[in-house]
Amino acid sequence: MATFLIVDDAAIMRRSITAILEDADHTIVGECTTGKGIVSVYQRVKPDIVTLDINMPDVDGIEALELLMAAEPNAKVMMVSAIGQKHKVLEALRKGAKSYLLKPIEKGKLLELVNKLIQQPQ
């Protein structure tokens, strides 16, 4: 199965995503509560997939995505966004995100997107 870095400022969202992924036999190798340290954590834990919230303090998800893609252009990033942020989701996809998931998180949809990302070549 795949390894994940979960980036979200809300503990409840990190726990929710973690529970779904671990129930499906995936492994969480790291967490960040802001986009600020995403590159160093990514390089340390080397996840297969990153889930990245768009709205966070300090460094938001779009800026964090730009930093990560500049350092790690092959990173597989799934943006996590609230409904109503379509323009930000589209911006993230243009900047290198491979997919997106809308909140509230639905287990089936998350696992469907994860399976698609796992099958994508690096």
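Residues numbered from 1 in each chain as written. Predicted model: local features only at pLDDT ≥ 70, side-chain atom pairs only at ≥ 80, totals over all residues. Heavy atoms only, no water.

**Thoughts on the sheet that holds strand β2 (residues 27-32)**
Inference 1: With parallel pairing, five strands are arranged side by side in an open sheet as β2-β1-β3-β4-β5. In the strand order of this sheet, the two ends are held by β2 and β5 (99-103), each with one partner. Neighbouring strand axes in the sheet, compared pairwise and without regard to direction, differ in orientation by 20° on average.
Inference 2: Relative to β5, strand β4 (residues 77-82) is paired through five bridges, and the arrangement is parallel. Note on β5: the bridge partner recorded for M78 is S99.
Inference 3: With respect to the sheet, helix α2 (residues 38-45) is in contact with β1 (3-7), β2 and β3 (49-53), its orientation differing from that of β1 by roughly 165°. (Pairing = 2+ DSSP bridges. Helix = DSSP H or I, 4+ residues; strand = E, 2+ residues; numbered from the N terminus. Axes fitted to C-alpha atoms, helices over the stretch in contact; angles between N-to-C directions. Contact = heavy atoms within 4.5 Å.)

**Describing the nonpolar core**
Inference 1: Residues I38, V50, L52 and V77 are the most contacted members of the largest nonpolar core, which totals 24 residues.
Inference 2: Sorting the residues of this core by element identifies β1, α2, β3, α3 (61-71), β4 and α4 (86-94) as the ones contributing at least two each.
Inference 3: Not counting residues within four places of it along the chain, the set of residues in contact with V50 comprises L5, V7, I38, Y42, L68, K76, V77 and M78.
Inference 4: Ranked by size, the runner-up nonpolar core spans 18 residues in total, among them V80, L101, L110 and V114. (Core = buried A, V, L, I, M, F, W, Y, C linked by side-chain atoms within 4.5 Å. Buried < 20%, exposed > 50% of the residue type's maximum accessible area, 1.4 Å probe, protein only.)

**Some points on a nonpolar patch on the surface**
Inference 1: A grouping of I83, L90, L93, Y100 and L102 is seen on the molecular surface, where their side chains present a nonpolar patch of about 440 Å² in accessible area.
Inference 2: At the level of secondary structure, the elements contributing two or more residues to the nonpolar patch comprise α4 and β5.
Inference 3: With respect to the secondary-structure elements, L93 resides in helix α4. (Patch = residues over 30% accessible without salt bridge, like charges linked within 9 Å, V, L, I, M, F, W, Y side chains within 5 Å. Areas by Shrake-Rupley, 256 points an atom, 1.4 Å probe, with all protein chains shown as cover. Salt bridge = Lys/Arg side-chain N within 4 Å of Asp/Glu carboxyl O.)

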